[in-house]
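Descriptive structure summary
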Amino acid sequence: MYKLENVSKKYNDKYAVQNFTLTIESGSITGIVGKSGSGKSTLLKLLNFIEQPTEGQIIFEDKAINDASKKVIRKYKEKIGMVFQNYNLLNNLNVYQNIALPLKIINKEDQHKVNELIQFVGLEDKAKSYPSQLSGGEKQRVSLARALVRNPDILLCDEATSSLDENNTETIIKMLKNINHEFNITIIFVTHELSVVKQLCEKVCVMEDGQLLDIIENRNKSAEKNTASYLENVKRSIEG
Ligand SMILES: Nc1ncnc2c1ncn2[C@@H]1O[C@H](COP(=O)(O)OP(=O)(O)O)[C@@H](O)[C@H]1O
Ligand SMILES: [Mg+2]
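Okay, so let's go over this structure. (Residues numbered from 1 in each chain as written. Chains lettered and ligands numbered in written order. Predicted model: local features only at pLDDT ≥ 70, side-chain atom pairs only at ≥ 80, totals over all residues. Heavy atoms only, no water.)

1. Thoughts on the site of ligand 1
Close to ligand 1 lie Y11, N12, K14, A16, K35, S36, G37, S38, G39, K40, S41 and T42, which account for all nearby residues. The contact in question runs from an oxygen atom of ligand 1 to an N or O atom on the backbone of S38, over 3.2 Å. With the chains in place, 62% of the 560 Å² that ligand 1 exposes on its own is no longer accessible. Taken together, the elements giving at least two residues each to the shell around ligand 1 come down to β2 (14-24) and α1 (40-47). Counting residues per element, the shell around ligand 1 draws most heavily on α1, at three residues. (Near = heavy atom within 4 Å. Polar contact = N/O pair within 3.5 Å; in protein donor to acceptor, adjacent residues only side chain to side chain. Areas by Shrake-Rupley, 256 points an atom, 1.4 Å probe, with all protein chains shown as cover. Helix = DSSP H or I, 4+ residues; strand = E, 2+ residues; numbered from the N terminus.)

2. Comments concerning the packing of aromatic side chains
Within a pair of aromatic rings, the relevant descriptors are the distance that separates the centres and the angle that separates the planes. Taken as a whole and assessed by the stated rule, the structure comprises six aromatic pairs. Note on Y2 and F60: the rings are 5.0 Å apart at their centroids and 50 degrees apart in plane angle, and the pair reads as tilted. Linking Y2 in strand β1 (residues 2-11) with F60 in strand β4 (residues 55-60), this pair joins segments that are 58 residues apart in sequence. An identical accessibility class is assigned to Y2 and F60; each is buried. Considering the side-chain rings of F49 and Y76, the 5.9 Å spacing of their centres and the 50 degrees angle between planes classify their relative orientation as tilted. Linking F49 in the loop between α1 and β4 with Y76 in helix α2 (residues 70-77), this pair joins segments that are 27 residues apart in sequence. Residue F49 is classed as buried on the basis of its relative accessible area, which comes to 3%. An aromatic cluster of three or more residues is present, and its members are Y2, F49, F60 and Y76. (Phe/Tyr/Trp six-rings, centres within 6.5 Å; stacked < 30°, edge-to-face > 60°. Buried < 20%, exposed > 50% of the residue type's maximum accessible area, 1.4 Å probe, protein only.)

3. Here's the deal with the side chain of T42
Structurally, T42 can be placed in helix α1. On the basis of relative accessible area, T42 is assigned to the buried category, the value being 10%.

4. Points about helix α5 (residues 136-148)
The terminal C-alpha atoms of α5 lie 19 Å apart, and with 13 residues this matches the ideal 18 Å at 1.5 Å per residue to within 8%. The buried count for α5 comes to eleven of 13 residues, which makes it a mostly enclosed element. Regarding α5, the residues found buried are G137, E138, Q140, R141, V142, S143, L144, A145, R146, A147 and L148. (Expected span 1.5 Å × (residues − 1).)

5. Side note on the side chain of S28
By secondary structure assignment, the location of S28 is in the loop between β2 and β3 (29-33). At 2.6 Å, the side chain of S28 forms a polar contact with the backbone oxygen of E25. Setting aside chain neighbours within four positions, we find S28 in contact with N180, I185, T186, I187 and E202. (Contact = heavy atoms within 4.5 Å.)

6. What to know about the sheet that holds β1
As summarised here, the arrangement of the four strands in space is β2-β1-β4-β5, forming an open sheet in which the pairing is antiparallel. Each end of this open sheet is capped by a strand with a single partner; those strands are β2 and β5 (63-64). The sheet contacts of α1 involve β1, β2 and β4, and relative to β1 the element is tilted by about 120 degrees. (Pairing = 2+ DSSP bridges. Axes fitted to C-alpha atoms, helices over the stretch in contact; angles between N-to-C directions.)

7. Details of the layout of surface pockets
Its volume calculated, the largest pocket comes out at about 430 Å³. Looking at the largest pocket, it is lined by 17 residues, and the ones nearest its centre are I80, G81, M82, P102 and R150. Elements supplying a minimum of two residues to the lining of the largest pocket: α2, β6 (80-84), α3 (95-105) and α5. The biggest single contributor to the lining of the largest pocket is β6, with four residues. Tallied by class, residues from the lining of the largest pocket come to nine nonpolar, three polar and five charged. (1 Å grid on protein atoms, 1.4 Å probe; cavity = no way out; pocket = protein on both sides within 12 Å on 5 of 7 lines; lining within 4 Å. Points joined across faces, edges and corners; volume = space filled by probe spheres on them. Nonpolar A, V, L, I, M, F, W, Y, C, P; charged D, E, K, R; others polar.)

Dropping the structure here:
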C-alpha cells in the first residue's frame, strides 16, 4: 500500500521526520508510537499527502508520489479517512449531518450509507443529537463513521483514543478491528498510549526524534479478544 524510502520532512532546518523507511501492507493494522514531539503527526501528514517529503520518496499503490500531479494526489486523498484526538466535528450539525458531510461536499449524498454507518457505530438513537449533547466516546464514534462514509481504503488515526477513558477506548479498538476485518481497511494508528497499540496493532513502529527506532511485531494475540467488563479491567490492572 505504502512504501516510504528514506523519507524526511524538515521544518525550519529541523527534521520532524528523518530518514524513514517503512512498508505498510494493504489490510494491515500498524501502530506508530512515540513521545510527544517525536514526529508522529508529521508522519501522518506525509501519509495523507498534506505534506510533501523534503527528501526521500513515498510510493503509494506502486506509484511515486513525488512525481504525481495535483489531480492524482486529490484522487489518492479520497482513499484516505482521518480520525483525530479532538474529533473535529461541526457543532452546528447533528450526528447524521456530520457523518453525511463528506458525501454532501462531493454531491454524492447517500442516506442508506449514512444510516448504515450510524448503525455500525451504535448511534441510532443519537442521529439527531448535536456534538454538545454527546460524550467523548460518542463523538469519536461519529468521527469514525464520518471517516468511513466515502469507503476509504485507508484509515489514519491520530491519537484517536487519547482523550477517551478505558471503556470508550475499548469500544473504539473493537470497532477498528471490525472495520479492518470486515471492510479490509488498512489502519495506521498513531498514539503515545502503548496499551492501545498492544491491543490493536500487528506491527508497531517506535519513533524518537523523527526517526524510526524499531519495528516490533505484536504477538499478543490474547489481547485481541479482551471482552472483559470495565470492573474486570479495573480489578485486573489494580490486582495485577
Ligand atoms: N508545521 C510545523 N512547523 C514547524 N514545526 C513543526 C510543524 N509541525 C511539527 N513541527 C515540529 O516537528 C516536531 C514533530 O512534531 P509532531 O509531528 O507534531 O510530533 P508528535 O505528533 O509526535 O507529537 C516537533 O518538534 C514540532 O514542533
Ligand atoms: Mg501529534
